[in-house]
Amino acid sequence: MEHWIAEVMDAYGYMGIFLLIALENLFPPIPSEVILTFGGFMTTSTDLTPVGVIAFATAGSIAGAIILYGIGRILSAERLEAIVVKYGRMLRLKPEDIRKADAWFDKHGPWAVFFGRLVPLVRSLISIPAGSSGMRFLPFLLLTTIGSLIWNTALVYVGAAVGDSWETIVGYMDVYSNIVYVALALGAVAAAAWFVRKRIVKKAD
């Protein structure tokens, strides 16, 4: 995949960076770490500039995030509630669970959107609950832009600084991503255990 990403960027320049980053937001397994660090490296050997790479990468991030936000709006909290009413018994969910999750995002959503843009995998998926919770579009757009700009700027300048050794940085980022994935998996298991325990205690009462 790294070879294909490099070929696209080499052939299409800024537009290739825009399209790859937009696709990365929609399909998280495409690694933004490779796109951005290689883009940074390209600024040392082509006519591409760091500012241009960052600008087009951020535009791609925003485009992908808006699409996922729109999907979230289609899957509004009310529609998710209706699904839970119909299939909740199989999913072990109740409508109030959706309402609680929606209330949590209303309270913590802005911070979740901002910091989520700095975390692999989460940086793409966070746009969906932002949309489904009804988070206002302009704050979502602003926080998404700022978070994406920080992430993109850091990796592009790192790629430019290390030059031919950009693949070494990708290796370190893979380690970071794997740590995040493990933490997310453990968090999901802990949340599921807490949820089941709470349901058992509630039934016992």
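Residues numbered from 1 in each chain as written. Predicted model: local features only at pLDDT ≥ 70, side-chain atom pairs only at ≥ 80, totals over all residues. Heavy atoms only, no water.

Caption draft 1: Representation of the environment of Leu141 within the structure. Along the polypeptide, Leu141 turns up in helix H8 (residues 137-162). Taking the C-alpha atoms as reference, Leu141 lies 7.4 Å from Ile62; in sequence the two are 79 residues apart. Not counting the four nearest positions on each side in its chain, Leu141 is found in contact with Ile62 and Ile66. (Helix = DSSP H or I, 4+ residues; strand = E, 2+ residues; numbered from the N terminus. Contact = heavy atoms within 4.5 Å.)

Caption draft 2: Fine view of the packing of helix H3 (residues 50-74) against H8. Where H3 meets H8, the closest approach of the two axes is 9 Å, and the angle between their N-to-C directions is 140°. Overall, the two elements H3 and H8 adopt an arrangement that is oblique. Seen along the crossing, H3 lies across H8 with a hand that is right-handed. Every residue of H8 that contacts H3 at Pro50, Val53, Ile54, Ala57, Thr58, Ser61, Ile62, Ala65, Ile66 and Tyr69 is listed here: Phe137, Phe140, Leu141, Thr144, Thr145, Ser148, Leu149, Asn152, Thr153, Val156 and Tyr157. (Axes fitted to C-alpha atoms, helices over the stretch in contact; angles between N-to-C directions. Parallel < 35°, antiparallel > 145°, perpendicular 65-115°, else oblique. Left-handed = near helix turned anticlockwise from the far one by under 90°.)

Caption draft 3: Summary view of the confidence of the model for the protein chain. For the protein chain, mean pLDDT is 75; residues scoring 70 or higher make up 64% of the total. Between the elements of the protein chain, mean pLDDT differs from a low of 53, seen in helix H9 (residues 166-204), to a high of 92, seen in H3. (pLDDT = per-residue confidence, 0-100.)

Caption draft 4: View of the nonpolar core. Residues Ile5, Met9, Ile17, Ile35 and Leu36 are the most contacted members of the largest nonpolar core, which totals 21 residues. Breaking this core down by element, the ones donating at least two residues are helix H1 (2-26), helix H2 (32-42), H3 and H8. With residues near it in sequence (within four places) discarded, Ile5 still touches Leu20, Ile30, Pro31, Val34 and Ile35. If you look at the next biggest cluster of nonpolar residues, it comprises 11 residues, including Tyr69, Phe114, Ile126 and Phe140. (Core = buried A, V, L, I, M, F, W, Y, C linked by side-chain atoms within 4.5 Å. Buried < 20%, exposed > 50% of the residue type's maximum accessible area, 1.4 Å probe, protein only.)

Caption draft 5: Geometry of the packing of aromatic side chains. For the structure shown, the criterion picks out 7 aromatic pairs. On the numbers, 6.5 Å between centres and 40° between planes, the contact of Phe137 with Phe140 is tilted. Here Phe137 pairs with Phe140, and both are found in helix H8, just 3 residues apart, close to one helical turn. Judged by relative accessible area, Phe140 falls into the buried class, the value being 0%. An aromatic cluster is built from Tyr69, Phe137 and Phe140, whose rings are joined through pairwise contacts. (Phe/Tyr/Trp six-rings, centres within 6.5 Å; stacked < 30°, edge-to-face > 60°.)

Caption draft 6: Here's a closer look at the environment of Leu125. Inspection of the secondary structure assignment puts Leu125 in helix H6 (residues 122-125). Since its relative accessible area comes to 42%, Leu125 is described here as partly exposed. Residues Leu125 and Leu68 lie 57 residues apart in sequence; the distance between their C-alpha atoms is 7.6 Å.

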